[in-house]
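# Understanding the architecture of this molecule
Each chain, written out:
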Amino acid sequence: MSLQIHVALMLSLLLPSPFLAYPQTLSGQESFKKAAYRLSKPLISDDGKVYVCSEKNFFAFESNGSVVWTLSLNYKCSPSIAPVLGESRKIYVVAEDRVLKINPLNVGSFEKAVELFFGTESERPGEIIGLAVSISSSYVFINVKYRGLFAYRLQGKLHWSAGPAIYQHGYRQGCRKNTTGCYFSSVPVFDHCEASLYISTNQGEIYALSTRSPHFKWIQDCSSFGNTLTMTAGNNGMLYVTVAAKALVLAVDVSRGNILWQKSFGSLSTADYAPAVDSNGWISIGSLDGYLYSFSPKGVVKKFPKVLNMDSVIQVSPVLDCSGYAIYVSQTEIEGKITRIIGDYSYISAMKPKGVIFTLINPATGTIFWSEQYPGQVSSEFLRSDLQYFLLDESVLLAFFAASSIGNPLPCRGSRQKYALSCSQITPKNFSIYTGNKKTILLFLIFESTVLLVLVVLVRFCCMFWKKKKLQNQDLGKFLEKRRSLRLQKKAFDRSITELQQKAAEEAIANEVLEKLGDLVKEREGIQRKLSTSYSLGRDEVGSRSNSLLPLSDRKTRSFSFQGAKKESVTLFHTVSATSSETSWSNRDSEETDNGKSPTEIFSCSDNEIYQEEFQPSTLSWFASSSKPVDEIEEMKLRDQKESIDHPLQNRSTSIRKRTSYSSS
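Remember, predicted model here, so these are calculated numbers, not experimental data. (Residues numbered from 1 in each chain as written. Predicted model: local features only at pLDDT ≥ 70, side-chain atom pairs only at ≥ 80, totals over all residues. Heavy atoms only, no water.)

## Notes on the overall build of the protein
Stated formally: By the criteria applied, helices consist of DSSP H or I runs no shorter than four residues and strands consist of E runs no shorter than two, each listed in order from the N terminus. Three exposure classes are used, based on accessible area relative to the maximum for each residue type with a 1.4 Å probe and protein chains only: buried under 20%, partly exposed in between, and exposed over 50%. In what follows, residue pairs with any heavy atoms lying within 4.5 Å of each other are defined as contacts. Computed by Shrake-Rupley with a 1.4 Å probe, the accessible areas treat only the displayed protein chains as cover when residues are assessed.
Within the protein, the regular secondary structure consists of 10 helices and 39 strands. The burial tally for the protein puts 47% of its 665 residues in the buried class. Look at the contacts in the protein between residues 6 or more apart in sequence, and 54% of them connect residues 24 or more apart. Carbon and sulfur atoms form 52% of the exposed surface of the protein, whose accessible area is close to 34700 Å².

If you want it as structure tokens, here you go:
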């Protein structure tokens, strides 16, 4: 249900007739002609003073209603736009489509107290809809109808300007329905917590802008609710939008522009009705049905008074007290009212007013701190002050009640403290960058992470592989083929050594076979070392070498060890031996020593052989005690070397068998 026609109820009808001439009790004040002065919307400063405009005069009042000083302006003030407080107690006033800058500290001195901030003396720049001042950003924002939004520095220099339609990356932003006749139609609203500016168009679109550049953070289309919007900054992470035509209030998230909730209330008195928002984040709206609607930041509604008085209305906006937690409300009692509903609108006709009730209430708790019916003790004192010479309405009296803290038990706070309390209620929001099926997204992320991990491992392996010096000038296929060949040779060595070890464990074998086994073990260790080098991709690290081992004997088993020229020793195996075999081994060892034969030399394989030449077996030394002629031995060695080029492992085992037969013969 919405409103919209009503009979205006002015409190001035209840007040005494205005004084016809202003008293000349203040020094430096000019006398006024006999006239009735109506005051504009008031401004309440932190020092308790109230600033208002009337025609071409600007007044500063104390909280008790006495005039402190007046200034004569060359331009007529706009009664619908309240003065705005700026830096260093300076005040900005809209007068005849110009912006005047007043410095109260220069009043009564030789310095200029009023200067023209926006516009020229000769021509008007256009109809000014509203202005806002950001002390923290040091900007003054002025909305000029059909021209756009202008951002001026406090020194008066233009910083940037923006219109409702802007083209970025080939796409139009703003004025989506039609650019013809689209303009900013609301008073700019500054959010002290977000340092953002909000403004709406006559097509029902809300814009969020940065204060330092004409960049649109987001645009929210609220045209489905109405084209005339009134915005109020919550300074708590939300922007409150009032739609008078449909009696709705919207809570908009300032970070993304989403509508968090919407609530309805009773009909409003004017289309530009401005709600009051306290430091708890509660927004309060007075309605013509006599209720005060208060909404919490989460959308919980409270109605005051709880018992509806059919013969009362609330016409003017509530006024925030000096503490920031309570509001002053005026409720007008009338002889009667008639409500008619035609279509989507409600029409209210009010009878003669009987009186007004002023109340100080905390919307969050519902506590009523003070209440008085007009005329009463407090209101009568104001009417005996300098205010008696002006036409007053309820909004002016509410401003003086708030400035003087009538009936307020709460401590007063400055504007900065109020904003700090409001901003402290903002809770961080967690935004999800993914939308859709969460399970599918999770599986995709796992698959993506696995692929990336595999790629990282492969890249690292390839980099390590190709950076090694020993592989820089070699073919990869040749390297892999060499590696396969070494593995096959090692397996052949393992089989041959295992067979000979089993045979030696079962029966006695010739000494030449034992020497050959030592050579095979040495060759196998060389291959293992080369394979280890291949696995490490060029890190030719050889482990510590053990000391040479001496033959051990416990008269039941015998341990054989061999030592080469490079002091490398290898233990071959342990065999079970009888007493006779021990004697034969001892005799054979002594014969070797007497004949001056040195131990068998087995040279270790170089690691570089894997990259430089094909595998070749080492030349074996034969004991002098062999019964075969020397020429046969040399012929056999030449034949072994020739055959080992093609089949090193197969020929080596054949050679062992041949030499075993020689020694046995």
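## Concerning the confidence of the model for the protein
In low-pLDDT segments, the atomic positions of the prediction should not be examined closely. The line we're drawing: Predictor confidence is given residue by residue as pLDDT, running from a minimum of 0 to a maximum of 100.
Taken residue by residue, the protein gives an average pLDDT of 76. The fraction at 70 or more is 69%. Ranking the elements of the protein by mean pLDDT puts strand β1 (residues 2-3) last, at 36, and strand β8 (residues 91-95) first, at 96. In the predicted structure, residues 1-34 sits below a pLDDT of 50 and forms 94 contacts with residues beyond four places in sequence or in another chain. In the predicted structure, residues 644-665 sits below a pLDDT of 50 and forms 38 contacts with residues beyond four places in sequence or in another chain.

## Comments concerning the pattern of salt bridges
Heads up, the condition is: Each salt bridge in this description consists of a side-chain nitrogen of Lys or Arg and a carboxyl oxygen of Asp or Glu lying within 4 Å of one another.
Counted according to the given criterion, the structure contains eight salt bridges. Of the charged contacts in the structure, one is a salt bridge between Glu-96 and Arg-124, with a shortest N-O distance of 3.8 Å. In this pair, Glu-96 is assigned in the loop between β8 and β9 (98-102) and Arg-124 in the loop between β10 (114-118) and β11 (128-134), connecting sequence segments 28 residues apart. Classification of Glu-96 by relative accessible area gives partly exposed; the value is 24%. For Arg-524, the salt bridge is made with Asp-494, and the minimal N-O distance between the two is 2.9 Å. You can see Arg-524 sitting in helix α6 (residues 511-535) and its partner Asp-494 sitting in helix α5 (residues 476-506), a full 30 residues away along the chain.

## A word on the sheet that holds strand β13 (residues 148-153)
Using the following cut-off: Any two strands between which DSSP finds at least two bridges are classified as paired. Working convention: axes come from line fits to C-alpha atoms, limited for helices to the stretch in contact. Angles between N-to-C directions cover 0 to 180 degrees.
The four strands lie next to each other as β11-β12-β13-β14, forming an open sheet whose pairing is antiparallel. What marks the edges here is a single partner per strand, and that holds for β11 and β14 (158-162). Across this sheet, the average inter-strand angle for adjacent strands is 15 degrees, counted without regard to direction. Of the strand pairs in this sheet, strand β12 (residues 139-144) and β13 are connected by six bridges, and their pairing is antiparallel. Bridge pairing in β13 links Asn-143 to Leu-149.

## Concerning helix α2 (residues 394-404)
Along an α-helix, a turn takes 3.6 residues, which lines up residues three or four apart on a common side. Counting buried positions along α2 gives nine out of 11 residues, so the element sits mostly inside the fold. When we look at burial in α2, the residues that qualify are Glu-394, Val-396, Leu-397, Leu-398, Ala-399, Phe-400, Phe-401, Ala-402 and Ala-403.

## Here's the deal with the nonpolar core
Note the following rule: In plain words, nonpolar cores are sets of buried Ala, Val, Leu, Ile, Met, Phe, Trp, Tyr and Cys residues tied together by side-chain atoms within 4.5 Å.
By size, the foremost hydrophobic cluster in this structure holds 31 residues, and its most contacted members are Phe-61, Tyr-328, Phe-358, Trp-370, Phe-390, Leu-392 and Phe-401. If you tally residues by element for this core, the top one is α2, at seven residues. With sequence-adjacent residues up to four places away left out, Phe-61 is seen in contact with Lys-49, Val-50, Val-52, Ser-66, Val-67, Val-68, Asp-386, Leu-387, Phe-390 and Phe-400.

## A look at the pairing of β14
Where β13 meets β14, four bridges bridge the pair, whose relative direction is antiparallel. Residue pairing for β14: Tyr-152 is matched across the bridge by Leu-158. Taking the residues between adjacent antiparallel strands as the criterion, β13 and β14 are bridged by four residues, where Gly-156 takes a positive phi near 100 degrees.

## Side note on unusual backbone geometry
In this model, Phe-304 is joined to Pro-305 through a cis peptide bond whose omega is -10 degrees. Within the secondary structure, Pro-305 sits in the loop between β28 (301-304) and β29 (312-313). In the segment running from Tyr-374 into Pro-375, the intervening peptide bond is cis, with an omega of -10 degrees. Position of Pro-375 relative to the elements: it lies in the loop between β35 (367-374) and α1 (377-383). Positive phi, close to 55 degrees, is recorded for Ser-405, a residue that is not glycine. Tracing the chain through its elements places Ser-405 in the loop between α2 and α3 (415-423). By relative accessible area, which is 21% here, Ser-405 ends up partly exposed.

## A short note on the sheet that holds strand β21 (residues 230-233)
If you walk across this open sheet you meet the four strands as β21-β22-β23-β24, and the pairing is antiparallel. In this open sheet, the two strands that pair with only one neighbour each are β21 and β24 (259-264). Along the sheet, successive strands turn relative to each other by an average axial angle of 20 degrees, direction set aside. With five bridges joining them, strand β23 (residues 248-253) and β24 adopt antiparallel strand pairing. Residue pairing for β24: Val-252 is matched across the bridge by Ile-259.

## A word on the packing of aromatic side chains
Each aromatic ring pair is specified by the distance between its two centres and by the angle formed by the two planes. Our working definition: Only the six-membered ring of Trp is used, alongside the rings of Phe and Tyr, when aromatic pairs are assigned; centres must lie within 6.5 Å, and planes under 30 degrees apart are stacked while those over 60 apart are edge-to-face, with the rest tilted. Only when the NZ of Lys or the CZ of Arg is both within 6 Å of the ring centre and within 35 degrees of the ring normal is a charge said to sit over the ring.
Applying the stated criterion across every chain, the model contains 27 aromatic pairs. A centroid spacing of 5.5 Å and a plane angle of 70 degrees characterise the contact between Phe-118 and Tyr-152, whose relative ring orientation is edge-to-face. With Phe-118 in strand β10 and Tyr-152 in strand β13, this residue pair connects regions lying 34 residues apart in the sequence. Pair check on accessibility: Phe-118 and Tyr-152 agree, each one buried. Look at Tyr-207 and Phe-216: their rings are 5.1 Å apart centre to centre, the planes differ by 70 degrees, and that puts the pair in the edge-to-face class. An aromatic cluster is defined as three or more aromatic residues linked by ring pairs; in this entry it consists of Phe-59, Phe-61, Tyr-328, Phe-358, Trp-370, Phe-382, Phe-390, Phe-400 and Phe-401. One residue, Lys-303, lies across the ring of Tyr-291, its end atom 4.1 Å from the ring centre.

## Examining the state of the cysteines
Basically, it comes down to this: Cysteine sulfur atoms are paired as a disulfide whenever they come within 2.5 Å of each other.
Evaluated as defined, the whole model comprises four disulfides. Through a disulfide, Cys-53 is tied to Cys-77; the S-S separation comes to 1.9 Å. Here the residue Cys-53 occupies a position in strand β4 (residues 50-54), and Cys-77 occupies one in the loop between β6 (67-72) and β7 (84-85), the gap between them amounting to 24 residues. Across the pair, exposure class does not vary: Cys-53 and Cys-77 are buried alike.

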